[in-house]
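For reference, the chains in residue letters:
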Amino acid sequence: MSQRTAVRTHSFTESVIREMTRVAREHEAINLAQGFPDFPAPQLLKDAACRAIQDDVNQYATTWGTDSLRGAVADQYARWYGMEVDPEREITVTCGATEAMAAVMLATVNPGDEVVVLEPFYENYGPDAALSGARPVFLPLSAPGFRLDPDRLKAAVTEKTRAVVINTPNNPSGRVLDREETQAVADLCVERDVLAVTDEIYEHIVYDGEHLPLARMPGMRDRTIVVSGLSKTFSVTGWRIGTIVAPPDLTSAIRKVHDFLTVGAPAPLQKACAEGLCKLGDDYYREMAADYRSRRDILHAGLREAGFDCGKPEGAYYIMADFSRLSSLDDTAFSKFLARECGVAPVPGSSFFSRPQDGARLVRFAFCKQRSTLDQAAGKLSRFFG
Ligand code: GLN
């Protein structure tokens, strides 16, 4: 490790997900690694963004988000979840959920604190905790079910625990926490006076069960920080529009951090997202979830036919698959081999676990792709392993 670099950068590596996108490009493989759609964003959004730029909405927006977007977000929380949110004091718009998560940790966690992260996890949470000087404490959920065990959660919380990070619907496991599990997290947070940071970016991509915001559980509104955004909901991952809902005192601190990190999210794109939230009705959300369900089924059938062992995710747009029957390589070697030799790129399972051996037999495939892309990938896999 270079002595010219800060120690806080030494405990984590570059994103493996984005590295696999580079590997896919190098081998011209179908990229089922990084989770971004290969189909168009809704026309209404694209038109609104073009119009905003032509109308010269091209200067800084209010640091914590435009009035119209915060207003639209507040309306949606009321409509979807019956949650009353004050757009003036409780909402911050950020550059994607990624900045949101970093700003939240920097604003709420002290050096030496512990942050509980459930495994498998999306790769940002550990580095975000480390950048805040905190220690991530990992709580493994066991395959194949990845259910949350309340007793193990209790055991992971200590005097030093500041926050628990919850991601549901989950990337990469596809779990959607049910009422019992959500209640167990709420009970724990209330009993031990711990904050919950929830990553709900896949809130509208649910196939089984329903999305239950932790903030709605009794006693949780005042101790939950809800991170989400429009990347997945509107298929605009490159726009970088994230949102944070948090009680006013936490929001003040979060806004300060956000201001000095990025000043603000892109003004014309905030305008377009506000329009999308106001104008797209229930049909849009229903169709999106139905489309993702059929994409899930295509990839799931393709993976099973090729010899992978995997269940159907309950939400989000990833399948974690065990490749033990197909290869004795480790997950990283297998992922690169698959990209190079078969022309389909996944993400190595170890990037979602603190102990690499826990993911050594797993790879993650994203299915936020056109049906034709998924058919082609399934065809390549079955010919290769057939
Ligand atoms: N959330 C997406 C994934 O898990 C994209 C990650 C990213 O590159 N920001 O693949």
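Residues numbered from 1 in each chain as written. Predicted model: local features only at pLDDT ≥ 70, side-chain atom pairs only at ≥ 80, totals over all residues. Heavy atoms only, no water.

Draft legend 1. Geometry of helix α3 (residues 67-81). When the terminal C-alpha atoms of α3 are compared, their 21 Å separation across 15 residues agrees well with the 21 Å that a helix rising 1.5 Å per residue should span. Turning to α3, its buried residues are L69, R70, A72, V73, A74, Q76, Y77 and Y81. Here the buried face of α3 lies against β2 (91-94), β7 (224-229), β8 (242-245), α8 (248-262) and α9 (267-279). Trailing α3 by a residue or two, G82 shows a phi angle of about 65°, which is positive. (Helix = DSSP H or I, 4+ residues; strand = E, 2+ residues; numbered from the N terminus. Expected span 1.5 Å × (residues − 1). Buried < 20%, exposed > 50% of the residue type's maximum accessible area, 1.4 Å probe, protein only. Contact = heavy atoms within 4.5 Å.)

Draft legend 2. Highlighting the pattern of salt bridges. Counted under the stated rule, the structure contains 23 salt bridges. The partner of R135 in a salt bridge is E114, and the shortest N-O contact between them spans 3.1 Å. With a gap of 21 residues between them, R135 in strand β4 (residues 135-140) and E114 in strand β3 (residues 114-119) connect regions that are remote in the sequence. Exposure remark for R135: the relative accessible area of 49% places this residue in the partly exposed category. (Salt bridge = Lys/Arg side-chain N within 4 Å of Asp/Glu carboxyl O.)

Draft legend 3. Fine view of the site of the ligand. All residues adjacent to the ligand are I17, R18, Q34, G35, Y122, N171, Y202, K232, Y318 and R364. One of the side-chain N or O atoms of N171 is found 2.9 Å from an oxygen atom in the ligand. The fraction of the free accessible surface of the ligand (290 Å²) that becomes covered by protein chains is 87%. Partitioning the shell around the ligand into residue classes produces four nonpolar, three polar and three charged. (Near = heavy atom within 4 Å. Polar contact = N/O pair within 3.5 Å; in protein donor to acceptor, adjacent residues only side chain to side chain. Areas by Shrake-Rupley, 256 points an atom, 1.4 Å probe, with all protein chains shown as cover. Nonpolar A, V, L, I, M, F, W, Y, C, P; charged D, E, K, R; others polar.)

Draft legend 4. Geometry of the packing of aromatic side chains. Tallied over the entire structure, the rule returns 21 aromatic pairs. Judged by centre distance (6.0 Å) and plane angle (75°), the ring pair of Y122 and Y125 falls under edge-to-face. Here Y122 falls in the buried class, since its relative accessible area comes to 18%. Here the aromatic cluster, defined as three or more aromatic residues joined through ring pairs, consists of F308, F323, F334, F337, F365, F384 and F385. The ring of Y207 has R296 lying over it, and the distance from NZ or CZ to the ring centre is 4.8 Å. Positioned above the aromatic ring of F36, the side-chain terminus of K369 is 4.0 Å from the ring centre. (Phe/Tyr/Trp six-rings, centres within 6.5 Å; stacked < 30°, edge-to-face > 60°. Lys NZ or Arg CZ within 6 Å of the ring centre and 35° of its normal.)

Draft legend 5. Broad picture of the sheet that holds β7. With mixed pairing, seven strands are arranged side by side in an open sheet as β2-β8-β7-β6-β5-β3-β4. Of all strands in the sheet, those with a lone pairing partner are β2 and β4, marking the two edges. When the angles between neighbouring strand axes are averaged without regard to direction, this sheet yields 20°. Across five bridges, the pairing between strand β5 (residues 161-167) and strand β6 (residues 195-199) is parallel. Bridging from a neighbouring strand, N167 pairs with D199 of β6. Packing of α3 onto the sheet brings it into contact with β2, β7 and β8, and relative to β2 it is tilted by some 120°. (Pairing = 2+ DSSP bridges. Axes fitted to C-alpha atoms, helices over the stretch in contact; angles between N-to-C directions.)

Draft legend 6. Fine view of the sheet that holds strand β12 (residues 362-366). Ordered by their spatial adjacency, three strands build an open sheet running β9-β12-β11, and the pairing between neighbours is antiparallel. The open sheet has two edge strands, β9 (318-322) and β11 (347-348), and neither has a second partner. Sheet topology note: the β11/β12 ladder contains two bridges and is antiparallel. Bridged to V347 within β12 is R364.

Draft legend 7. Seen up close, the packing of α3 against α9. With their axes 8 Å apart at the nearest point, α3 and α9 run at an angle of 30° to one another. As the angle between them shows, α3 and α9 are arranged roughly parallel. The two elements α3 and α9 meet at a crossing, and its hand is left-handed. Taking contact as the criterion, the partners of S68, L69, A72, V73, Q76, R79 and W80 in α3 are, on α9, Q270, C273, A274, L277 and C278. Looking at the contact of α3 with α9, its residues break down into eight nonpolar, three polar and one charged. (Parallel < 35°, antiparallel > 145°, perpendicular 65-115°, else oblique. Left-handed = near helix turned anticlockwise from the far one by under 90°.)

Draft legend 8. View of the pairing of β4. Alignment of β3 against β4, held across six bridges, turns out to be parallel. Each residue of the ladder has a partner; that of V116, found in β4, is V137.

Draft legend 9. Molecular detail of the nonpolar core. Core analysis: the biggest nonpolar cluster contains 101 residues, and F234, F308 and F365 have the highest contact counts within it. Broken down by element, the residue count for this core peaks at eight residues, all from helix α10 (residues 282-306). Residues V116, F146, V157 and V185 belong to the second largest nonpolar core, which totals 22 residues. (Core = buried A, V, L, I, M, F, W, Y, C linked by side-chain atoms within 4.5 Å.)

Draft legend 10. Layout of α10. Between its first and last C-alpha, α10 extends 37 Å over 25 residues, near the 36 Å set by a 1.5 Å rise per residue. After α10 finishes, the residue G307 shows a positive phi value of roughly 115°.

Draft legend 11. Fine view of the pairing of β2. Residues I91 and V93 of β2 are buried on one face, and the alternating residues T92 and T94, pointing to the opposite face, are buried as well. When β2 meets β8, the two strands line up antiparallel, connected through four bridges. Looking across to β8, one finds that V93 is bridged to T243.

Draft legend 12. How the structure looks around the layout of surface pockets. Space inside the largest pocket adds up to approximately 740 Å³. Looking at the largest pocket, it is lined by 30 residues, and the ones nearest its centre are F12, T13, E123, G126 and P127. The set of elements that each furnish at least two residues to the lining of the largest pocket consists of α1 (16-26), α4 (96-108), α5 (125-131), β4 and α11 (331-342). Top element by residues in the lining of the largest pocket is α5. It accounts for five residues. Residues belonging to the lining of the largest pocket are distributed by class as follows: 14 nonpolar, ten polar and six charged. (1 Å grid on protein atoms, 1.4 Å probe; cavity = no way out; pocket = protein on both sides within 12 Å on 5 of 7 lines; lining within 4 Å. Points joined across faces, edges and corners; volume = space filled by probe spheres on them.)

Honestly, it's all geometry; don't read function into it.
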